[in-house]
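# Overview (structure and organization)
Listed here are the chains, written in short residue letters.
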Amino acid sequence: MKQSSPFAVRTVVILVIGGALLLLASILMSGFGDEIARATGDAPAADRKDGAGYHAFQRLVAAVQPPETEVSAPTVASAILILTPTEATRPEDVKAIVDKRIAFASAMTGGDDFVAREGHPLMRYATLIILPKWQVEKLPLQGGRVRRTGEADMAKLARLVPTKVDWHREDRSNVGIMPANYPGLRSFALPDRELNAVMGDDITPLIGARDGAAVLGQIGTSDTFVLVDPDLVNNRAMADERNAKAALAMLRAIDPEHDGRAVFDRTLHFSRGDRNLVKLLFLPPFLGVTLALIAAAVLAGIAAAGRFGPPLTEKRAVAAGKRALIDNIVALTRLAGRTPLVGPRYADMMLELLSRRLLTGEQPAPERLDRVHPGYSDIDRRLRDARTEGAALAAARDLTAWKKETGA
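Let me sum up the structure you'll find in this document. Predicted model only: the values in this text are computed from it and were never measured.

Compared with the 26 Å implied by 1.5 Å per residue over 18 residues, the 26 Å span of helix 14 (residues 389–406) between its first and last C-alpha is a close match. A392, A395, A396, L399 and W402 are the residues of helix 14 that are buried. Seen end-on, helix 14 carries its buried residues on one side only, within an arc spanning 115 degrees. Seen from the buried face of helix 14, the exposed residues on the opposite side, beyond 90 degrees, are R397, K404 and E405. Looking at the buried side of helix 14, the elements it contacts are helix 11 (342–358), helix 12 (366–372) and helix 13 (376–385). Of the residues trailing helix 14, G407 is marked for its positive phi of about 80 degrees.

In structure tokens, the structure reads:
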């Protein structure tokens, strides 16, 4: 018994194509997931309007101390570059930007040889790193509002500073300004909680504690600065006028030549992810080879689907069933060349069969069957005179009609 498929051909094709696309999507997600997360995840801290972001600080700087000219490459060309890394930012990405800024300052001054020979000070291209402090999550159905879920991992934050440091917690009562070479710093309205600070051999505190830990510190003699506690300049802090004035004064102090003009960096948030095999296959120069292989696989599948159908079962040597038995007999009769003798033999068989049914006790004779229903003798004569298969078949059909009319 032949069983029909539970799915239509179109359904199977759709399922196969859908499965192939999902497989390709999963492969791409495994390779480009980190970049997609950076591009579609949370906005950079400089753009976020929640309490832990710096949108207010950015707008304040843009309004009061905007760049003198359009900055097309803020990573190297801006007077002050403010980095706002997250807990997930890679330390090597931060260090790469800092090193690029130092190299740019040396190149703009005249090169390392000129600086060493003439003792000329480097041009000022300050970098301010604002470390994160809080882990937050969005509040559902409340726009951009968030709530704190805990503090960031201190070990990860310490690695974001491009020098070796130790992490400290300082009471607000012990924190003060240590201007030294940076006059003009103003006091911040300190938060009602402990402040994060760092201590290291290469960290000079500008805002720090009595024990030497720096809340705002300078790294070595470079123009790289780190603000360890962001609660001094984030959106929540900018609600206090004292903090807004102190933040602007801080920028002017670390870069008096350009009046504290600053640009916020976003490349840390949208930087490229790690290299892997999937990216190697789906990025130039190997992208063309990958697309060619995919096209070849699709064409091979189409060719295979058109050439090969459902599997065929092996046929029986002799088919089963009455009809198959009759077909076999007819085929053997034709093969033996006995079809011209079919008519008389069939006439004799039907005359005897119908006489037993319709002529009780009488001898078989075509004329007697004519009394039952006219026309039988003519059909009997045609069967006996048939010399071709077509003539015998036509007479046999008429005999079948005669039988139906008589009810035999």
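Tracing the backbone through its elements, the reader meets N234 in the loop between strand 10 (224–227) and helix 7 (241–254). Residue class for N234 comes out buried when judged on its relative accessible area of 2%. Separated by 2.9 Å, the side chains of N234 and D231 make a polar contact. Contact partners of N234, with chain neighbours within four places excluded, come to G51, A52, G53 and Y54.

So, on to the nonpolar core. Counting residues in hydrophobic clusters, the biggest one holds 38 residues, and the most contacted among them are F57, I82, L128, F188, V233, M250 and L251. Sort the elements by how many residues they give to this core and helix 7 lands first, with 8 residues. Aside from chain neighbours lying at most four places away, what touches M250 is F57, L128, L185, F188, L216 and V233. Residues L131, V161, A214 and V228 belong to the second largest nonpolar core, which totals 21 residues.

Under the definition given, this model contains 21 salt bridges. Measuring nitrogen to oxygen at the nearest pair gives 3.2 Å for the salt bridge that ties K133 to D231. Within this pair, whereas K133 is found in the loop between strand 2 (126–130) and strand 3 (134–138), its partner D231 is found in the loop between strand 10 and helix 7, the two being separated by 98 residues in sequence. Judged by its relative accessible area of 2%, K133 falls in the buried class. Overall, the relative accessible area of 5% leaves D231 in the buried class. Put simply, K133, R193, D229 and D231 are held in one network by salt bridges that share partners.

Rules used throughout
- Residues numbered from 1 in each chain as written.
- Predicted model: local features only at pLDDT ≥ 70, side-chain atom pairs only at ≥ 80, totals over all residues.
- Heavy atoms only, no water.
- Helix = DSSP H or I, 4+ residues; strand = E, 2+ residues; numbered from the N terminus.
- Expected span 1.5 Å × (residues − 1).
- Buried < 20%, exposed > 50% of the residue type's maximum accessible area, 1.4 Å probe, protein only.
- Arc of directions from axis to C-beta.
- Contact = heavy atoms within 4.5 Å.
- Polar contact = N/O pair within 3.5 Å; in protein donor to acceptor, adjacent residues only side chain to side chain.
- Core = buried A, V, L, I, M, F, W, Y, C linked by side-chain atoms within 4.5 Å.
- Salt bridge = Lys/Arg side-chain N within 4 Å of Asp/Glu carboxyl O.

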